[in-house]
Amino acid sequence: MRLGIAIAAAMVLWAGSAPAQELRVGFMATFTGPGANLGQHLRDGFLLGLDHVGGRLGGLETKLTIVDDQLKPDVARQEVDKLLEKEKVHFVVGIVFSNVLMAIYKPTIESGAFLISANAGPSPVAGAQCSERFFSTSWQNDQTHSALGKYAQDKGYRRVFLLAPNYQAGKDGLNGFKRYYRGTIVDEVYTQLGAVDFSAEIAKIQAAKPEAVYAFMPGGPGIALLKQYAQAGLTKQIPLLSAFTIDDTSLPALGDAADGLVSASQWAADFDNPANARFVADFRKKYGYVPSYFAAQAYDAAQLIDAAVRSTGGRLDDKTALRDALRNARFASVKGKWRLNTNHIPINDFYYVSPGKLADGTPAMVKGDLVFADYGDEYAKDCPMKW
Amino acid sequence: MDPLLLLVQLLNGVQLGLLLFLVAAGLTLVFGILDVINLAHGVLYMVGAYAAAVVLVRSGHFALAVLAGPLVALGAGLALDRLVLRFVYDRDHLDQVLATFGVLIFVNELVRVLFGPAALPFPLPAGFEWSVRLPGGATYPAWRLAIIAAGAILAFLLFWVLTRTRAGMLVRAAATDPAMLEMLGVDVRRLFLLVLGAGAALAGFAGAMAGPIVAVQPGMGDQILILAFVVIVTGGTGSVQGALLGSLLVGLADTLGRSFLTDMLRLALPPAAANEVGPALASMLIYLVMAGVLLARPRGLMPVRRAAR
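Residues numbered from 1 in each chain as written. Chains lettered and ligands numbered in written order. Predicted model: local features only at pLDDT ≥ 70, side-chain atom pairs only at ≥ 80, totals over all residues. Heavy atoms only, no water.

Colleague: So what about the overall build of chain A? Which residues, and what values?
Modeller: Across its full length, chain A carries 13 helices and 12 strands. For a compact globule of 387 residues, the expected C-alpha radius of gyration is about 21 Å, and chain A comes in at 22 Å, within 12% of that figure. With respect to the three principal axes, the spread of C-alpha positions in chain A is 80 × 50 × 35 Å. Taking contacts inside chain A between residues at least 6 apart in sequence as the whole, the part at least 24 apart equals 71%. Element-wise, carbon and sulfur atoms account for 54% of the exposed surface of chain A, whose accessible area totals about 14800 Å². Within chain A, one finds 41 positive and 40 negative side-chain charges whose respective centroids are separated by 2 Å. (Helix = DSSP H or I, 4+ residues; strand = E, 2+ residues; numbered from the N terminus. Rg over C-alpha atoms; globule rule 2.2 N^0.38 Å. Contact = heavy atoms within 4.5 Å. Areas by Shrake-Rupley, 256 points an atom, 1.4 Å probe, with all protein chains shown as cover. Lys, Arg positive; Asp, Glu negative; His and termini not counted. Charge placed at Lys NZ, Arg CZ, Asp CG, Glu CD.)

This is the structure:
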């Protein structure tokens, strides 16, 4: 017994003295406040991705530091400075919200580290300010909105009522919807950010009698809106299309109130490919809830880093080689395919999704018809990178 | 303007006002009588909603859930008194704000740790899944009518207790001159506890009633707390009548502003500008109303006359 311990100790010492290359990753997301639920999904997806490669991204000893941006750009900036200067991370990964991404974008890419967004995709970083140090495993923000605009157009809704919170992302979202929707916008209503009562807006919808409603209402206000819309008995009369409002993060709180809602996504838990089946099954086993697109995107982020670092043979100091490896990485994405646009944002298929059930009867957002095939975002043409 | 839409929006405004009243009534009593600024009051609303959600999902009985909301909030309110407030009753307002703001952050995080960051399911109680059909195609959900009824009944009860019972008389006396009351041999400390408990239970009840229409998640009380402060400052701190008047004013101003302001601006401005200005103005409207009221009546609509302290 004592001998065993001695041998084990010696092995630890020996392993410690070997000049092992270490991969350092800083994972940043929102873990406090109203957006905390999204941060949890993002983190759990990434941790499962890390698990699936035995805790070693690209075969290297991986040191993961998880930090909370609190949905405050100034806090995010401080935290990322610590990650870059103290931890000397090679990758900053995560980021739920666009304003947080914009706050850390310049300091991160200028430091020489790579920034991998597993969610936020604001237009500047997709267009003129694109960078060889920035990659995304999600989408450009407008794409989901545009997919729903296309869906409304394809469905032949002639009169649509628009609803969004009164801030930049709300306006961008509605503009994204209008890009492919050619019918009449009967009204465009902007609500206070963080509103909890939508009775006034619902009464306006009833008075305007549109053929469909399009809403972008993320987080708690979205849950309140969808509950109140269902309680007014409107879901069956006037279809409610929405982006980032009904998804696998809000579905458990909604229950029956979610029936009949429509959204769009580049991924759903019932996507039929082996990588996704393994991801969803293991995620549910480990965390006890159904993963959302947030988790799927973060899982792909872990896979992207793993594949790229592996193909450089574990070399982290040659940034150009690592950039090329990230651009050309091949891995089994949970979406079933993986392809980057010239601006390093994925080219996705978008499907419409709606609340349904997985094979075992658990409620989840499930895939409907294809809306867009191989959809690259509209800002890529403004990005000067060529490769 | 469509008169029917106006009618529906007036009803919506009254309903929002009565929901606000349930939260603001407790806040104004605590502020007016105990002279404590309690930023943790919104937390009690959240605690009520969580207690009701948990009981509802476990038991399936909405009646039990609606009882659990105020009861657990009452317990939380008394614990708040024991653990925090009794140390700051005699301190100045800044100390109270700091202490209760700490409680607010702590409890929000505690709830997140215990129940997770996701919103809890809180379905409509059985029997309320219908809505009243109004002429012209509009509908009014039964649950919103229930909120109006509950708010009105509680407002009436509160006034009855305050104006017609001995306890109510003592509470009103304490709001005016607590020192004199103490000299007359009334246990003011116990009276304070009663007021705090009642306020907490009201906030918890409001949380349980709001559960089916809002997202039951950590931090849900913060938004309503701001509105409740606007209500009590508009109405005059310490006055329950003022709180009711303030609630209805704020509820109506907010709802009508959201409903009609942008449309009215479109008559005068180009549509893009109206879309820009309208929502911004609508979300400011309750603060403008408050500022207007304070300009005319610096102590609110129905202030409590208070002896010099």
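Colleague: Lay out the packing of helix 2 (residues 41-59) of chain B against helix 8 (residues 188-210) of chain B in plain terms, naming residues and giving numbers.
Modeller: Residue and element names in this part refer to chain B. Interaxial distance between helix 2 and helix 8 falls to 7 Å at its minimum, and their mutual angle equals 50°. In terms of their interaxial angle, helix 2 and helix 8 are classed as oblique. The handedness of the crossing between helix 2 and helix 8 comes out as right-handed. Counting all contacts with helix 2, which are made through His41, Leu44, Tyr45, Gly48, Ala49 and Ala52, the residues of helix 8 involved are Gly199, Ala200, Ala203, Gly204, Ala206, Gly207, Ala208 and Ala210. Taken together, the residues of the contact of helix 2 with helix 8 break down into nine nonpolar, five polar and no charged. (Axes fitted to C-alpha atoms, helices over the stretch in contact; angles between N-to-C directions. Parallel < 35°, antiparallel > 145°, perpendicular 65-115°, else oblique. Left-handed = near helix turned anticlockwise from the far one by under 90°. Nonpolar A, V, L, I, M, F, W, Y, C, P; charged D, E, K, R; others polar.)

Colleague: Report on the pairing of strand 4 (residues 114-117) of chain A, specifying residues and quantitative values.
Modeller: Residue and element names in this part refer to chain A. By the alternation rule, side chains of strand 4 split into Phe114 and Ile116 and Leu115 and Ser117, which are all buried. Where strand 3 (residues 91-94) lies against strand 4, four bridges are found, and the strand directions are parallel. When the bridges of strand 4 are listed, Gly94 appears paired with Ser117. For the crossover from strand 3 across helix 4 (residues 98-111) to strand 4, the handedness is right-handed. (Buried < 20%, exposed > 50% of the residue type's maximum accessible area, 1.4 Å probe, protein only. Pairing = 2+ DSSP bridges. Right-handed = clockwise from strand over helix to strand, strands pointing away.)

Colleague: Please provide a residue-by-residue account of the interface of chain B and chain A, values included.
Modeller: Taken together, the contact pairs 40 residues of chain B with 35 residues of chain A. For the pairing of chain B and chain A, the buried interface totals around 3100 Å² over both sides, and the portion due to carbon and sulfur atoms is 47%. Across the contact surface, chain B and chain A share six salt bridges. For the salt bridge of A:Lys204 with B:Asp263, the shortest nitrogen-to-oxygen distance reads 3.3 Å. Scanning the region where chain B abuts chain A turns up 17 residue pairs in polar contact (both at pLDDT 80 or more). Among the elements of the structure, helix 1 (3-34), helix 4 (93-115), strand 1 (131-133), strand 2 (139-141), helix 10 (240-268) and helix 11 (271-296) of chain B are those that each provide at least two residues to the side of chain B that touches chain A. The biggest single contributor to the side of chain B that touches chain A is helix 1 of chain B, with six residues. (Buried area = accessible area lost by both parts, 1.4 Å probe. Salt bridge = Lys/Arg side-chain N within 4 Å of Asp/Glu carboxyl O. Polar contact = N/O pair within 3.5 Å; in protein donor to acceptor, adjacent residues only side chain to side chain.)

Colleague: Provide a residue-level description of the domain arrangement of chain A, including the pertinent values.
Modeller: Residue and element names in this part refer to chain A. Assigned domains of chain A: these are domain 1 (21-139 + 270-349) and domain 2 (142-265). Computed from C-alpha coordinates alone, the two centres of domain 1 and domain 2 are separated by 29 Å. Contact with domain 1, which involves 12 residues of that partner, is made by six residues of domain 2. Summing the contributions of domain 1 and of domain 2, the shared interface buries around 810 Å²; its carbon and sulfur component is 53%. Where domain 1 packs against domain 2, one counts zero salt bridges. Counting across the interface, domain 1 meets domain 2 through two residue pairs in polar contact (both at pLDDT 80 or more). Per-element tally for the side of domain 1 that touches domain 2: the top contributor is helix 2 (residues 36-52), with three residues. Its residues assigned to classes, the side of domain 1 that touches domain 2 comprises seven nonpolar, four polar and one charged. (Domains from an automatic or database assignment.)

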